[in-house]
Amino acid sequence: MRAGGREDGVVDEVIPSSERVRQAMRAQRTRDTRPETTLRRALHRRGLRYRVHQRPLPDLRRTVDVVFRPARVAVEVRGCFWHACEAHGTWPKANADWWARKLEGNRRRDEALAAALAEASWELVVVWEHDDPESAADLIALTVANRRPVHTSFRSQPPSRTAAHTENACGGLTEVSD
Ligand SMILES: [Zn+2]
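What comes next is a walk through the structure. (Residues numbered from 1 in each chain as written. Predicted model: local features only at pLDDT ≥ 70, side-chain atom pairs only at ≥ 80, totals over all residues.)

**Let's talk about the sheet that holds strand E2 (residues 64–68)**
Here is the rule: DSSP bridges decide pairing: two strands pair if at least two such bridges lie between them. Going along the chain from the N terminus, every DSSP run of H or I of four or more residues is numbered as a helix, and every run of E of two or more is numbered as a strand. Orientation is described by axes fitted as lines to C-alpha atoms, over the contacting stretch for helices, and by angles from 0 to 180 degrees between their N-to-C directions.
Here 4 strands make up an open sheet; going across it, the order is E1-E2-E3-E4 and the pairing mixed. The sheet is open, and its two edges are formed by strand E1 (51–54) and strand E4 (123–128), each paired on a single side. For this sheet the average axis-to-axis angle between neighbouring strands, irrespective of direction, equals 30°. Where E2 meets strand E3 (residues 73–78), 3 bridges bridge the pair, whose relative direction is antiparallel. Residue Phe68 lies in a different strand from E3, and its bridge partner there is Val73.

**What to know about the packing of helix H2 (residues 34–45) against helix H4 (residues 133–146)**
As a reminder of what qualifies: Angle categories are assigned with fixed cut-offs, so that under 35 degrees is roughly parallel, over 145 is roughly antiparallel, 65 to 115 is roughly perpendicular, and the rest are oblique. The handedness criterion is simple: a crossing whose near helix is rotated anticlockwise from the far helix by less than a right angle is left-handed, and one whose near helix is rotated clockwise is right-handed. A residue pair is marked as a contact if its C-beta atoms, positioned from the backbone, fall within 7 Å.
Between H2 and H4, whose axes approach to 9 Å, the crossing angle comes to 50°. Between H2 and H4, the angle falls in the class oblique. Like other packed secondary-structure pairs, H2 and H4 cross with a definite hand, here right-handed. On H4, the residues touching Pro35, Thr38, Leu39, Ala42 and Leu43 of H2 are Pro133, Glu134, Ala136, Ala137 and Ile140.

**Section: the environment of Val126**
For clarity, the threshold we go by: To sort residues by burial, count the other C-beta atoms lying within 10 Å of each one's C-beta; a count of 20 or more means buried, 12 or fewer means exposed, and anything in between means partly exposed. C-beta atoms are built from the backbone.
Mapped onto the elements, Val126 comes out in strand E4. Residue Val126 is classed as partly exposed on the basis of its 15 C-beta neighbours within 10 Å. Spatially, the C-alpha atoms of Val126 and Arg78 are 7.1 Å apart, while their sequence positions differ by 48 residues. Among all residues touching Val126, those that are not within four sequence positions of it are Glu76 and Arg78.

**Remarks on the pairing of E3**
As a reminder of what qualifies: Whether a crossover is right-handed comes down to one check: with the strands pointing away from the viewer, does the path from the first strand over the helix to the second run clockwise; if it does, it is right-handed.
Counting buried residues in E3 gives 6 out of 6 residues, a clear majority hidden from the surface. Of the two faces of E3, both are covered, the one formed by Val73, Val75 and Val77 as well as the one formed by Ala74, Glu76 and Arg78. Linking two consecutive strands that pair antiparallel, namely E2 and E3, is a turn of 4 residues; a positive phi of about 55° is found at Arg72 within it. Direction of pairing for E3 relative to E4: parallel, over a ladder of 6 bridges. By the bridge assignment, Arg78 is partnered in E4 with Trp128. You can see the chain leave E3, run along helix H3 (residues 96–119) and come back into E4, and the turn it takes is right-handed.

Structure, rendered in structure tokens:
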């Protein structure tokens, strides 16, 4: 028995029509969306090299759009609708409950991603669909440059007298011990 369905296509919007849901899910899974490819081209023009659609952390069951692994910078390109952008996000009235759960779920996942990356000392750069891709690429280039892993090369050098002498010669900060 069909509850409240009508033959003219106007259905009581209790359960999302499966076709609409299928389309929505498909749209969400679509990779290489236009804002994303535009951003990637802008990054590439700046001489940046990156990986796409990779898990930044092995334990994280989620990929991000652009990954700069040595610098530990992750870039997410977010659509205004799917990620409930504060400026352009809309909360559909039809199937409101279903959409609210869906969009809230996306938002929670985004927050969980940000928390996991922060925990692992990664930098997350969120680029919205409405952002200017060139400005976003500039910001990302700067972020990556600032996070180039210089520390590891310092750390890998054992502290030695030679190193201390070198630093002294350069006027560096060397602790003097007896
Ligand atoms: Zn927006």
